[in-house]
Amino acid sequence: MVMIGYGQNFPDILCAGPLGAAMKAPILMARATSTGPALTFTEPREIQHGIVIGGTGLIPDEAVRTILGLDECIEILAK
């Protein structure tokens, strides 16, 4: 499991720190148009579960699917 936060907005990432530490989940920074660094981390580890910090306006579902290697038919739940 990883946590994915918008890399250009530090409050989201800062607030995710304690949750990430409690869950022993690394926090990855991403942008809608720049998923490469996060994908570089998740791809070799075959990570397919994550928590996205922020809304789909910052990190769209397409970016999350790319980072986690999810097929289009996988539903992303919003809470």
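Above this text you will find the structure in question.
Residues numbered from 1 in each chain as written. Predicted model: local features only at pLDDT ≥ 70, side-chain atom pairs only at ≥ 80, totals over all residues. Heavy atoms only, no water.

## A closer look at the sheet that holds strand S3 (residues 50-53)
Line of reasoning, step 1. Read across the sheet, three strands follow the order S2-S1-S3 without closing on themselves; strand pairing throughout is parallel. Each edge of the sheet is formed by a strand with only one pairing partner; in this case those strands are strand S2 (27-30) and S3. Taken pair by pair, the neighbouring strands of this sheet meet at an average axis angle of 25°, ignoring direction.
Line of reasoning, step 2. As paired elements, strand S1 (residues 2-6) and S3 share four bridges and run parallel to each other. What sits directly across from Val 2, in S3, is Gly 50.
Line of reasoning, step 3. Taken strand by strand, helix H3 (residues 61-68) contacts S1, S2 and S3, and its axis lies near 140° from that of S1. (Pairing = 2+ DSSP bridges. Helix = DSSP H or I, 4+ residues; strand = E, 2+ residues; numbered from the N terminus. Axes fitted to C-alpha atoms, helices over the stretch in contact; angles between N-to-C directions. Contact = heavy atoms within 4.5 Å.)

Nothing here speaks to function; it is geometry throughout.
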